[in-house]
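# Observations on the three-dimensional arrangement
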Amino acid sequence: MRRTSLEKVVLLQKNPANIRNLCILAHVDHGKTTLADCLVASNGIISSRLAGKLRYLDSREDEQIRGITMKSSAISLHYGHGDQEYLLNLIDSPGHVDFSSEVSTAVRLCDGAIVVVDAVEGVCPQTQAVLRQAWLENIRPVLVINKIDRLIVELKLSSQEAYAHLKKILEQVNAVMGSLFTSKVLEERAEKEEEKEEKDGEPSIGGQVYDWSAGLEEVDDSHLYFSPDQGNVVFASAIDGWGFSIQQFASIYSPRMGIKTAVLLKTLWGDFYLNTKAKKIMKGAQVKGKKTLFVQLVLDNIWSLYDAVVTRRDKEKVEKVVTSLGVKVMARDLRHSDPKVLLSAICSQWLPVSQAVLSMVCEKLPSPLDITAERVEKLMKVGARQFDSLPKDTQELKTAFLQCSSEEDAPLIIFVSKMFAVETKALPQHRQRPLTQEEICERRELARQRHADRMAADQTAAQSQSESPSQDGQPAALCTAKMESLTLRESRPEEEEPTETFVAFARVYSGKVKKGQKVFVLGPKYDPARGLSTLPEGCRAADVVPEVPHLSCCSTENLYLLMGRELEELEDVPAGNVLGIGGLEDCVLKSATLSSAPACPPFTPLNFEATPIVRVAIEPTHPSDMPKLVRGMRLLNQADPCAEVLIQETGEHVLVTAGEVHLQRCLDDLRDRFAKVEISVSKPIIPFRETVIRPPKLDMVNEELGRQHKVAIIHQVKDEASQGRSSDTLHVDAGGLVTITTPNRLATVCVRAVPLPEEVTRLLESSAEVIRTLEQVNMSLREGKNLDISLGTVEAIGGLKAQLESLLLGRKWRNAVERIWAFGPRRCGPNILLNGDEAYRRPSVWQCLGRGDAAGEAAGQTAALRDFDNSIISGFQLAALSGPMCEEPLMGVCFSVERWDMQSAAPPQHQDSLEEDSPSREASDSRVEGSSATGSREEGAEGGRNQAGRRQEAGPADCYGPVSGQLIAAMKEACRHAFQAQPQRLMAAMYTCDIMATAEVLGRVYGVLGKREGRVLHEEMKEGTDMFIIQAVLPVAESFGFADEIRKRTSGLASPQLVFSHWEVIGSDPNWVPTTEEEYLHFGEKADSANQALKYMNAVRRRKGLYVEEKIVEHGEKQRTLSKNK
Ligand SMILES: Nc1nc2c(ncn2[C@@H]2O[C@H](COP(=O)(O)OP(=O)(O)OP(=O)(O)O)[C@@H](O)[C@H]2O)c(=O)[nH]1
Ligand SMILES: [Mg+2]
């Protein structure tokens, strides 16, 4: 097979109707890269003998060594199908969870996907994840059931059993699709109903008639499912190079059997059998115990081929088969000792997998022209805004997307989904071109000259050596060679040129991009409305552009065709193609939208499934290498879609990655490519959370805490309180209420910490995005701006509120949702600040919903009173960010401000922002209102500081600085003390893992899990195999080396994938000391043997350089030898 020339590809790029942008998705190790090899081999890029062994798209060394893909990479293939020629831009993606962000970057650029499923393992967690990702991006999938050979060779199933097994796998995949579809229909229906309700003003039909249909019956979902008769399923064995769809068999058998192809297509898959007597195809094979058509006509042929070639190695039969199939097999393949060679030689001619898969792709996957309006609107959604509320020019761009035109007047729209690093010398412009004849001569002459010189030098050296022999007796030639290499190295100039160049992984959605063209780079926060109003009309990127936030200009210096390991230079690229763009590294960090039109909105951010959780601190082995490391880390940050690089407050350089394998890859990259210095890496920094719980009812030996114990504990609290936790500005009462006064005695806050119910914490965690939007909306409302919020956003916020209301029940939480003051840390975390002071009124955080009385009341409130509102919030945010146990963020804690007073020490004219004690509060309120009318509407800490400044001038009382600052510190302290007044606990991050293991190694898997504090959730046997699937949870802190250990202990039979799942409270109390007789007996005096929480806490404290309370000397008395003692 000849390689397709670059000219041909360029030609094909111009016809979007025949372009397919697709990616290969699957669970780890299901054979994506092997399948890609077969497809690549069909283009003559690699030899078909090596297909499946080479894993051409795994171009990194560590990918080859580990055998897993770590990045997505693209290759353009040419395929002739019927009378048409197609260009397929194929992207291979990794299946390992650690790299799921790479899947997101691939999926965004595609219109379709090949989902690969292992015939033995079936649907695995990542299969579901990738199907969901494809669904969320609205791309169409086709299915390849791979590794069918394993059913024959490993599981030794009969063809009949294999059919049942394959049917089951299809059902599993379709079940996933079905559930995705159902949830979408239900969501849409709910949305419609809401709209209707809003229009009608009241619930439909007066609540008299209830419609319980979910709307599922009316929607056609038949196109959604995978079924061989639909032509969207291929059965394959990528490693043996074969694959087929039933279309192929239908066309083989149709002339032979005299049955119409259409009939065969309908009956080849399903419960049909061939009634030879009646010469009819009949239904009901299963009931009658007959072989189905699929088994008889398809599987039996394959089974007998494997039987002849692999199992029995029956030469005669093989020859018969070879002649009957009409394939040509070379003699050396026939003689080869490995039967697999012969097998793939036969199969790859009989049923070439590339043909089956590529035909299906061309027929079933959409071209760039088929992009749906729904998908375009989804891509163009700007923040919380509705599509209709975007500027008119922006809305018009939708047609450009749909037309996918490359005409000169079509606006250019490109999306960059990631930046990847390429060795500068591997770029086509730096690649060595073949030398001309003259150059070869010249070089030969030079080499000859050098050789002669060296010989001469050697001779002189030998002479001098014979006169004075070298001391260590080293041969002189070696000496000179060494010297030469030394001088060579020295004479080489310091490498200044960057060795890595960044190329953007992108797709053109509209227009034609030319080399060297100037384009706008739109950051994710760019607002087209703002851009359009600032920029002059008809402004182009090449002009001098006024400054607009999140908008910059850049030129596309180089355009590349992505060919797996290689890049080819291109002059221009028309719409609908995937390409590489050089020269963007200074303006694009990880992803961006490029356009020639400032009206273009930035694309919606990529959906990342993985949470970066494993963090390590990095430092250079030689401190002088620090600048190189910093630069290297910056490059790494740009080159990886998911890795995060940060500098902590402590000054540590921290790398956050999605998992252990990802971490390893990032470190290798840093060492070998980006920083090129020796680095030392800390142990993984494991995140913890701090929380409070309700006072326990049992003691550590599970005995009920009797009355007297309680008394003892209260005594202890009181003791502590008297020993310095209570000072003249701080008071902690026995019930845990903390009262704190600012140093200038102007403000007093009373705070109590209460644990939030677990479900609430979980809800807050999962709704971080909604809370962040809510915060944004509130912020703009406070600034007096009115944001066009989409219906969906309002609905999401309303939904969150309703859920919170349903979860926060009981007397304790009465009206709590309305009284929420803020969420924290970072304004969107899983902790709540409550306004428990009846007398203090502030706008509700839910004011954007426009309901609730608090909002109405608050509108009349003064801004001046709330000058210090922000200080309280800031204090709370700080406290929530780092708790008192080991300065880790809090989780699931509610701080209720029960009282908040401000007294005045300032002259009366400055009392405007102060609130007096309860008797005169009414009066003070009205005074404040008056002052707001005079125009002091400044908000937040800023305002507070101004006033404090004024007060400072007024008298010497305020030597402590601005009141707002003092209040922040006081609030923070109050929260910390309130937290400490409750029983405190650490929370550990937990992974879930699915382990597939055979019965023999099950015990060992349990052993490893037990040792690492893992917990098995459930275990089931996978049908049709002897495999067990175990689902377990495991603390992240115990997970390092887990996958390796499991693999070792089970001789590689089980390999788990760890996915972050949730946070869990660690039962033991890190501050616990034995107090009762039983506890002393049970745990001993030190009681540190079983306290896992204390161990974790101390480890974190030690890492952070905090004080760790430990007894170092255990036994002070001198050891005496027994003999002396006698
Ligand atoms: N028996 C059998 N083994 C296969 C087949 N296809 C692939 N394999 C093997 O499965 C293993 C994984 O194959 P890969 O192609 O690397 O799998 P992948 O899906 O690309 O894996 P990741 O990229 O790491 O997610 C390799 O050892 C292949 O040899 C097949 O059809 N039959
Ligand atoms: Mg792979």
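Note: the structure precedes this text.
Quick notes on the rules
Residues numbered from 1 in each chain as written. Chains lettered and ligands numbered in written order. Predicted model: local features only at pLDDT ≥ 70, side-chain atom pairs only at ≥ 80, totals over all residues. Heavy atoms only, no water. Helix = DSSP H or I, 4+ residues; strand = E, 2+ residues; numbered from the N terminus. Buried < 20%, exposed > 50% of the residue type's maximum accessible area, 1.4 Å probe, protein only. Contact = heavy atoms within 4.5 Å. Donors = N, O, S within 2.8 Å, 3.2 Å for Na, K, Ca; no water. Pairing = 2+ DSSP bridges. Axes fitted to C-alpha atoms, helices over the stretch in contact; angles between N-to-C directions. Polar contact = N/O pair within 3.5 Å; in protein donor to acceptor, adjacent residues only side chain to side chain. Near = heavy atom within 4 Å. Areas by Shrake-Rupley, 256 points an atom, 1.4 Å probe, with all protein chains shown as cover. Nonpolar A, V, L, I, M, F, W, Y, C, P; charged D, E, K, R; others polar. Salt bridge = Lys/Arg side-chain N within 4 Å of Asp/Glu carboxyl O. Core = buried A, V, L, I, M, F, W, Y, C linked by side-chain atoms within 4.5 Å. Disulfide = S-S within 2.5 Å.

Looking only at helices and strands, one finds 36 helices and 34 strands in the protein chain. Burial statistics for the protein chain: of 1126 residues in total, 50% are counted as buried. Put simply, 74% of the contacts in the protein chain that link residues at least 6 apart link residues at least 24 apart.

This paragraph deals with the coordination of the magnesium ion (ligand 2). Coordination angles at a metal have ideal targets, namely 109.5 degrees for four tetrahedral donors and 90 or 180 degrees for six octahedral donors. The coordination sphere of the magnesium ion (ligand 2), as far as protein atoms go, consists of Thr33 (OG1) and Thr69 (OG1), spread over 1.8 to 1.9 Å. One end of the pair, Thr33, is in helix H2 (residues 32-41); the other, Thr69, is in the loop between helix H3 (61-66) and strand S2 (73-81), with 36 residues separating them in the sequence. With relative accessibility at 6%, the residue Thr33 sits in the buried group.

Another aspect to go through is the sheet that holds strand S22 (residues 653-657). Read across the sheet, 4 strands follow the order S21-S22-S20-S23 without closing on themselves; strand pairing throughout is antiparallel. Whereas interior strands pair on both sides, the edge strands pair on one side only; in this sheet they are strand S21 (644-647) and strand S23 (679-681). Averaged over neighbouring strand pairs, the angle between their axes works out to 30° when direction is ignored. Taken strand by strand, helix H21 (residues 626-639) contacts strand S20 (614-620), S21, S22 and S23, and its axis lies near 25° from that of S22.

Right, let's talk about the environment of Ser42 for a bit. For Ser42, the location among the structural elements is in the loop between H2 and H3. Look at Ser42 and you get buried, because its relative accessible area is 19%. Each C-alpha atom, one on Ser42 and one on His78, is 8.9 Å from the other, the two residues being 36 residues apart in sequence. Polar side-chain contacts of Ser42 include one of 2.6 Å to the backbone oxygen of Leu39.

Quick look at the site of ligand 1 now. Taken together, 19 residues sit near ligand 1, with Lys32, Thr33, Thr34, Thr69 and Asp149 positioned nearest. At a separation of 3.0 Å, an oxygen atom of ligand 1 approaches a polar side-chain atom of Lys147. Ile239 places a polar main-chain atom, nitrogen or oxygen, 3.3 Å from an oxygen atom of ligand 1. Protein contact buries 85% of the 640 Å² of open area that ligand 1 shows by itself. Of all the elements in the fold, those that place two or more residues in the shell around ligand 1 are H2 and helix H6 (148-153). Broken down by element, the residue count for the shell around ligand 1 peaks at 3 residues, all from H2. Split by residue class, the shell around ligand 1 holds 4 nonpolar, 9 polar and 6 charged.

With that out of the way, let us pick up the pattern of salt bridges. Considering all chains together, one arrives at 39 salt bridges under this definition. A salt bridge links Lys8 to Glu85; the nearest nitrogen and oxygen atoms lie 2.8 Å apart. Note that Lys8 is positioned in helix H1 (residues 6-12) and Glu85 in strand S3 (residues 84-92), a separation of 77 residues in sequence. Assessed through its relative accessible area of 27%, Lys8 is described here as partly exposed. Among the residues examined, Glu85 registers a relative accessible area of 32% and is labelled partly exposed. Here Arg312 makes a salt bridge to Asp314, at a shortest N to O gap of 3.7 Å.

So, about the nonpolar core. Ranked by internal contacts, the top residues of the largest apolar core, which has 152 residues, are Ile114, Leu655, Phe895 and Trp900. Judged by nonpolar contacts, the second largest core, of 63 residues, contains Tyr253, Leu264, Leu268 and Ala345.

The next subject is the state of the cysteines. Per the counting criterion, the structure on display carries 1 disulfide. The disulfide that involves Cys554 links it to Cys587, with 2.5 Å between the sulfurs. Linking Cys554 in strand S14 (residues 551-556) with Cys587 in the loop between strand S18 (578-582) and strand S19 (592-595), this pair joins segments that are 33 residues apart in sequence. Accessibility expressed as a relative area gives 8% for Cys554, which makes it buried. Accessibility expressed as a relative area gives 26% for Cys587, which makes it partly exposed.

What follows covers unusual backbone geometry. Backbone geometry follows two general trends: most residues other than glycine have a negative phi, and most peptide bonds adopt the trans configuration. In the segment running from Gly824 into Pro825, the intervening peptide bond is cis, with an omega of -5°. Although it is not a glycine, Asp29 sits at a positive phi angle of roughly 70°. Within the fold, Asp29 resides in the loop between strand S1 (19-26) and H2. Although it is not a glycine, Arg826 sits at a positive phi angle of roughly 55°. Among the structural elements, Arg826 can be located in the loop between strand S28 (820-824) and strand S29 (831-835).

By themselves these figures say nothing about function.
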